[in-house]
Amino acid sequence: MYLARAASSSSSRSLLFSFRSSFPSSSFRSPPVSSHLLRRSFVTSLPRLSHSKPFPLRIGSQIRAVSPVLDRLQRTFSSMASEHPYKGIFTTLPKPGGGEFGKFYSLPALNDPRIDKLPYSIRILLESAIRNCDNFQVTKEDVEKIIDWENTAPKLVEIPFKPARVLLQDFTGVPAVVDLACMRDAMNKLGSDSNKINPLVPVDLVIDHSVQVDVARSENAVQANMELEFQRNKERFAFLKWGSTAFQNMLVVPPGSGIVHQVNLEYLGRVVFNTKGLLYPDSVVGTDSHTTMIDGLGVAGWGVGGIEAEATMLGQPMSMVLPGVVGFNLSGKLRNGVTATDLVLTVTQILRKHGVVGKFVEFYGDGMSELSLADRATIANMSPEYGATMGFFPVDHVTLQYLKLTGRSDETVAMIEAYLRANNMFVDYSEPQQERVYSSYLELNLDSVEPCISGPKRPHDRVPLKEMKADWHSCLDSNVGFKGFAIPKEAQEKVVKFSFNGQPAELKHGSVVIAAITSCTNTSNPSVMLGAALVAKKACDLGLQVKPWTKTSLAPGSGVVTKYLLKSGLQKYLNQQGFNIVGYGCTTCIGNSGEIDESVGAAITENDIVAAAVLSGNRNFEGRVHPLTRANYLASPPLVVAYALAGTVNIDFETEPIGKDKNGKDVFLRDIWPTTEEIAQVVQSSVLPDMFRATYESITKGNPMWNQLSVPENTLYSWDPKSTYVHEPPYFKDMTMDPPGPSSVKDAYCLLNLGDSITTDHISPAGSIHKDSPAAKYLLERGVDRKDFNSYGSRRGNDEIMARGTFANIRLVNKLLNGEVGPKTVHIPTGEKLSVFDAAMRYKAAGEATIILAGAEYGSGSSRDWAAKGPMLQGVKAVISKSFERIHRSNLVGMGIIPLCFKSGEDADTLGLTGKERYTIHLPTDISEIRPGQDVTVTTDTGKSFTCTVRFDTEVELAYFNHGGILPYVIRNLSKQ
């Protein structure tokens, strides 16, 4: 135990945080802490020396030389391997021609028949638990729970999980680095070593969310938008570049490189880590819910809250409920002309109906051989939309082929295959399959999938293409809701004529004003991207043209897409239809649509037109894509082009023409739709491994604008109080070493009374800052012109703006307003109607606590930490809902907000709650008297009383609540070491 004692000294501790080790953290132990609630408290383990990846990539990070002292520590560390509880299964993986790939913990060596029946996704959790087992953070009892998954999962047992790495994008990366910098300051003020705040696992941060589609339909769009991006975000980018030098183990991929999930799939994903000879499966948690896209590559990954990710970076094991696994059997083959997008929208609807929240979904069956890796990634990407933690595709020969296609070396692919086969994690469909046990079973014949889109307001509201026209008219007729706009019959055929750049133009209900090929869901899939290009070519050949007032754009997920579009000779046809490349990153799908032309906007607003957007994205929640598009449909890239050509969603493609050719003859969708064989031929000839190698080798060089950014070298950040982008938040103000304990909620007012499906976009919008909002007022008072407001997402490093932007969505429906839509509420004591922020601040100034009432699926959508941070800063103490989205519930706990669920069959309406009452939550003030999932009584000042379930799901979450949140918890534990 010499090493543990040595590591507790300040000099050794500083050394340990300065380097990355090649050994698993499981070999290092710290003494136990006193509280039973802190059994899995943060302990420091040696960081890793290498950031294993397919190409050498280290942008702006410090590379520090390995000292002789560290060599001695590593030798000591190595000698301690004999203490590992599973040392008996630590074995060598030989190379076929002699030598060895490395060493690994062998699951077959356990000789336990239960493991052979485990889903592949659970085997990854098992390997991690075995490798990291130290009988402190991870115990042998935890390992046994996972091995006995078939019996323990139904009991909702808790397990720890230590992912191999953390993935960030810039919208979440900035607040994460802000928090890390703030934690360093807090450690410094507490008299502790601030350099203890350093990532202990590899952190990959891809700057991809800053591309606004300001310039479209232009050959120079990419450069023009990039220049505007740097003008607006220079301060944010410099801050992230500082973070890459100030913190160890942090890799930053500069803007202009692509979408985080496509970069992760094509480049960052390791599948198997080889860290100084230690082999183990790649696994990742990311601060974007679509981190699940990597599951298509056989890498276990899912989205977590930014707060939870920060704790994971700092060595805290994730506490999770051992999930059930839904087995999804795929058979058959997709019909000619049916796309992966059609498939994923179908799968999403099936799984939403089945109910998979909190579960893994694992795909298998004969149909797997018919799905390309890109198709699998498309399905995995939309796991959040169907509600699962993961949509997992185990590694097979298709995976290996994709790794080679994307430029991974033959040696790396050989190592991956050898390791996974040796550890029973590889699926070989040419061999008899061992029957695996699943919690429930589903099946789909791929031949039954038909073309479809989804909308107009939710991704799981699938509409078969042949029924779209009828569905659209139904939406116009129906009351306002997820499938309704309540347009009177006499107004449904209204035609609005206006002038667009001197040309006559017109709009109707359903007119397409935004058509965007965008989003990680589809831009990583060559078949649908080249399929869209073929549609554009056939349309050009026939003389069809997209209307000039439709804002069209193409935002590839990586430079590889541009290379194969150019190689195929098809990019020019997309350009002719207005689908010029606008940049590389998240655009329309995240709300970065840019402005639509003023004449179009005026025609919409002055005539109450229900305008439409069609995008190849994964999110279409109301108010997300653009404030002026009330109808938003998700579609495959080829269908995006088709709807842009038609100019309306009010069309039956089977019976109505898209337009007329050069000779005045009707042209139907079938006339310009490519066959599956046509697409396959273009993919085969145009998508080449060298394209991936060249693209990602160039990333290491950055770009001129990024490389010119100068940043300070100090490890403590110098906060600029005048900055409107990066501001020191008050999370640790007046923090003491003693945890505050559970906070009581007495006589709280209701800040908002909300309905079902309140998304994180409603709570913390990422899009444009409305000119009349509290955030706009804040910026104007500080001399920021309206044209420079940028988006909420880009300003997530400033808590003052984000607190003002909380519940600022213009489509928010608050029952306290009796049907009025907008970011307002009623200040109950005075009856005044105020912005949500102003009302919250008035309550806070008076020392009054607030709560939120909500319906089902509260917090669905993106894994947005500000949807929890913002309410906390507004003074919200609890949210009472029918149900929570998984990540958002975790985020609320992480910020010290109490999540409570109404009992089944009850909600605010059935209980007769108006939101005008005052609420007291009878939660014990002694943390030892609170149990995960216990019932508590809530009473009101009007005499009502009802029972809720407290959604602290694990003992560790109770520990976080006791400390006032996860970050204070980590700081206090680090400070004691």
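Just so it is clear, the model here is predicted, and its values are computed rather than measured.

**Points about the overall build of the chain**
Assigned secondary structure in the chain consists of 35 helices and 34 strands. Relative to its length of 977 residues, the chain is compact, with a C-alpha radius of gyration of 27 Å against a globular reference of 30 Å. With the principal axes as the frame, the chain shows a C-alpha extent of 85 × 75 × 55 Å. Counting the 977 residues in the chain, one finds 65% classified as buried. Long-range contacts, defined as pairs at least 24 residues apart, comprise 76% of the intrachain contacts of the chain with a sequence gap of at least 6.

**Structural notes on the nonpolar core**
Where a protein is soluble and globular, its nonpolar side chains tend to be buried together. Among the nonpolar cores identified, the biggest contains 229 residues, and L125, W302, F579, L639, Y643, F653 and Y858 are the most heavily contacted of them. For this core, the leading source of residues is helix α8 (residues 170-189), giving 11 residues. What F579 contacts, discounting residues up to four positions off in sequence, is A515, I517, V546, T552, S553, L554, Q571, L574, V640, V641 and A644. A380, Y386, L615 and L634 belong to the second largest nonpolar core, which has 46 residues in total.

**Focus: the sheet that holds strand β26 (residues 745-753)**
Read once around its circumference, the closed barrel built from seven strands follows the order β26-β29-β30-β31-β34-β33-β32, with strand pairing classed as mixed. Recorded for the sheet is a direction-independent mean angle of 40 degrees between the axes of neighbouring strands.

**So, the pattern of salt bridges**
Tallied over the entire structure, the rule returns 49 salt bridges. Notably, a salt bridge pairs K466 with E450, separated by 3.3 Å at the nearest N-O pair. With a gap of 16 residues between them, K466 in the loop between β17 (462-464) and α17 (468-477) and E450 in the loop between β15 (440-445) and β16 (452-454) connect regions that are remote in the sequence. Judged by relative accessible area, which is 52%, K466 ranks as exposed. Among the salt bridges present, the one from R458 reaches D461, with a minimum N-O distance of 3.0 Å.

**Details of the packing of aromatic side chains**
Under the defined criterion, the tally for this structure stands at 26 aromatic pairs. Seen from their ring centres, F498 and W549 are 6.4 Å apart, and the 70 degrees between their planes marks the pair as edge-to-face. In this pair, F498 sits in strand β18 (residues 496-500) while W549 sits in the loop between α19 (526-542) and β21 (551-554), placing the two residues 51 residues apart along the sequence. Taken together, a centroid distance of 6.1 Å and an interplanar angle of 90 degrees make the contact between Y858 and F884 edge-to-face. Here the residue Y858 occupies a position in the loop between β29 (850-853) and α32 (866-873), and F884 occupies one in the loop between β30 (876-881) and α33 (886-894), the gap between them amounting to 26 residues. Like F884, Y858 is buried. Here the aromatic cluster, defined as three or more aromatic residues joined through ring pairs, consists of F239, W242, F247, Y717 and W719. For R123, the ring lying beneath its charged end belongs to Y120, and the centroid distance is 4.4 Å. Against the face of Y573 rests K537, its NZ or CZ located 5.5 Å from the ring centre.

**Some words on the environment of V970**
Along the polypeptide, V970 turns up in helix α35 (residues 966-975). Classification of V970 as buried rests on a relative accessible area of 0%. In sequence terms V970 and V614 are 356 residues apart; their C-alpha atoms lie 44 Å from each other.

**Some details on the domain arrangement of the chain**
Domains assigned within the chain are domain 1 (87-160), domain 2 (165-448), domain 3 (452-458 + 491-695) and domain 4 (745-764 + 806-976). Between domain 3 and domain 4, the C-alpha centre-to-centre distance is 40 Å. Listed per partner, the contact involves nine residues of domain 3 and nine residues of domain 4. At the boundary of domain 3 with domain 4, total buried surface from both sides reaches about 770 Å², with 47% on carbon and sulfur atoms. Seen at the junction of domain 3 and domain 4, the total is two residue pairs in polar contact (both at pLDDT 80 or more). Looking at side-chain class alone, the side of domain 3 that touches domain 4 contains three nonpolar, one polar and five charged residues.

**Quick notes on the sheet that holds strand β4 (residues 165-169)**
Read across the open sheet, the five strands follow the order β6-β5-β4-β9-β10; overall the sheet is parallel. Here the strands that pair on one side only, and so sit at the sheet edges, are β6 (250-253) and β10 (300-303). In this sheet, adjacent strand axes meet at a mean angle of 20 degrees when their direction is disregarded. Strand direction decides the pairing type here: β4 and strand β5 (residues 203-206), joined by four bridges, are parallel.

**Structural notes on the side chain of H888**
Counting through the fold element by element, H888 comes out in helix α33. The residues contacting H888, other than those within four sequence positions of it, are T760, I763, Y858, G859, A867 and A868.

**Looking at helix α34 (residues 955-962)**
A large share of α34 lies buried, amounting to seven of its eight residues. Within the sequence span of α34, burial applies to V956, E957, L958, A959, Y960, F961 and N962. Packing partners of the buried residues in α34 comprise β3 (158-161), β11 (318-321), α33, β31 (898-902) and α35. Looking one or two residues past α34, G964 carries a phi angle of roughly 85 degrees, positive in sign.

**A closer look at helix α13 (residues 373-381)**
Counting buried positions along α13 gives nine out of nine residues, so the element sits mostly inside the fold. Taken together, the buried positions of α13 are L373, A374, D375, R376, A377, T378, I379, A380 and N381.

**Digging into unusual backbone geometry**
Each neighbour pair has its own omega, and for G455 with P456 the value is 10 degrees, a cis peptide bond. Checked against the element boundaries, P456 lands in the loop between β16 and β17. Not every positive phi belongs to a glycine, and L156 is a case in point at roughly 55 degrees. Among the structural elements, L156 can be located in the loop between α7 (149-152) and β3. Although it is not a glycine, F807 sits at a positive phi angle of roughly 60 degrees. Checked against the element boundaries, F807 lands in the loop between α30 (799-805) and β27 (824-827).

**Things to note about the environment of C133**
Secondary-structure assignment places C133 in the loop between α5 (120-131) and α6 (140-147). For the pair C133 and N198, spaced 65 residues apart in the sequence, the C-alpha separation amounts to 22 Å.

**Quick word on the environment of G327**
Within the element layout of this structure, G327 appears in strand β12 (residues 325-331). It is 6.1 Å that separates the C-alpha atoms of G327 and V361, two residues lying 34 residues apart in sequence. When residues no more than four places from it in sequence are discounted, the contact partners of G327 are E362, Y364, Y438, S440, Y441 and L442.

**Re the pairing of β12**
Among the seven residues that make up β12, five are buried, leaving the element largely enclosed by the rest of the structure. As judged from the five bridges shared by β12 and strand β13 (residues 360-364), these two strands associate in the parallel manner. Paired with V325 across the strands is F360, a residue of β13. Here β12 pairs with β15 via six bridges, running parallel. Its bridge partner lying in β15, L330 is registered against L444.

**Quick word on the packing of helix α20 (residues 559-568) against helix α25 (residues 676-686)**
Between α20 and α25, whose axes approach to 9 Å, the crossing angle comes to 110 degrees. Considering their axes alone, α20 and α25 lie roughly perpendicular with respect to each other. Where α20 abuts α25, its residues Y564, K567 and S568 lie against V682, S685 and S686. Considered class by class, the residues forming the contact of α20 with α25 number two nonpolar, three polar and one charged.

**With respect to the pairing of strand β28 (residues 832-835)**
By the bridge criterion, four bridges tie β27 to β28 in an arrangement that is antiparallel. In the strand pairing of β28, T825 is matched with L834.

**Things to note about the confidence of the model for the chain**
Here the chain averages 88 in pLDDT, and 91% of its residues register 70 or above. Contacts of residues 1-81 to residues separated by more than four positions or lying in other chains number 198 contacts, the stretch itself having pLDDT below 50.

**Structural notes on the state of the cysteines**
The final tally for this structure, using the stated rule, is zero disulfides. Not engaged in a disulfide, the cysteine C452 finds its nearest cysteine sulfur in C475; these two sulfurs lie 15 Å apart. The exposure class assigned to C452 is buried, which follows from its relative accessible area of 0%.

Conventions we followed
- Here the residue numbers are simple positions, counted from 1 along each chain's written sequence.
- Local features in a predicted model are, by the rule used here, given only for residues with pLDDT of at least 70; side-chain atom pairs are given and counted only at 80 or more, and totals for whole chains, interfaces and linings are based on all residues.
- In computing side-chain values, all of the structure's heavy atoms are included and hydrogens and water are not.
- The way it works is that DSSP assigns letters per residue, a run of H or I at least four long becomes a helix, a run of E at least two long becomes a strand, and they are numbered from the N terminus.
- For the radius of gyration, the atom set is restricted to C-alpha positions; the globular benchmark scales as 2.2 Å times the number of residues to the power 0.38.
- Accessible area is worked out with a 1.4 Å probe on protein chains only. A residue is then buried under 20% of its type maximum, exposed over 50%, and partly exposed in between.
- Throughout, a residue-residue contact means that at least one pair of heavy atoms, one from each residue, lies within 4.5 Å.
- Think of a nonpolar core as a cluster: buried Ala, Val, Leu, Ile, Met, Phe, Trp, Tyr and Cys residues, connected wherever their side-chain atoms sit within 4.5 Å.
- For two strands to be treated as a pair, DSSP must find at least two bridges joining them.
- The angle between two axes is taken between their N-to-C directions and runs from 0 to 180 degrees, where each axis is a line fitted to C-alpha atoms and a helix contributes only its stretch in contact.
- A pair is scored as a salt bridge if a Lys or Arg side-chain nitrogen falls within 4 Å of a carboxyl oxygen belonging to Asp or Glu.
- When two rings of Phe, Tyr or Trp (its six-membered ring) have centres within 6.5 Å they constitute a pair, described as stacked for plane angles under 30 degrees, edge-to-face for angles over 60, and tilted for the intermediate range.
- Consider the ring centre and the ring normal. A charge sits over the ring if Lys NZ or Arg CZ is within 6 Å of that centre and within 35 degrees of that normal.
- Those domain boundaries reflect an automatic or database domain assignment.
- Throughout, the accessible surface (probe 1.4 Å) given up by two parts as they are put together, summed over both, is called the buried area.
- Pairs of N or O atoms within 3.5 Å make up the polar contacts considered here, provided that, within protein, one atom can donate a hydrogen while the other can accept it, and that residues adjacent in sequence are counted only when both atoms are side-chain atoms.
- Polar here means any residue outside two lists: the nonpolar Ala, Val, Leu, Ile, Met, Phe, Trp, Tyr, Cys and Pro, and the charged Asp, Glu, Lys and Arg; Gly therefore counts as polar.
- Here roughly perpendicular refers to angles of 65 to 115 degrees, roughly parallel to angles under 35, roughly antiparallel to angles over 145, and oblique to all remaining angles.
- Per-residue confidence from the predictor is reported as pLDDT, which spans 0 to 100.
- Note on disulfides: each one is a pair of cysteine sulfur atoms within 2.5 Å.

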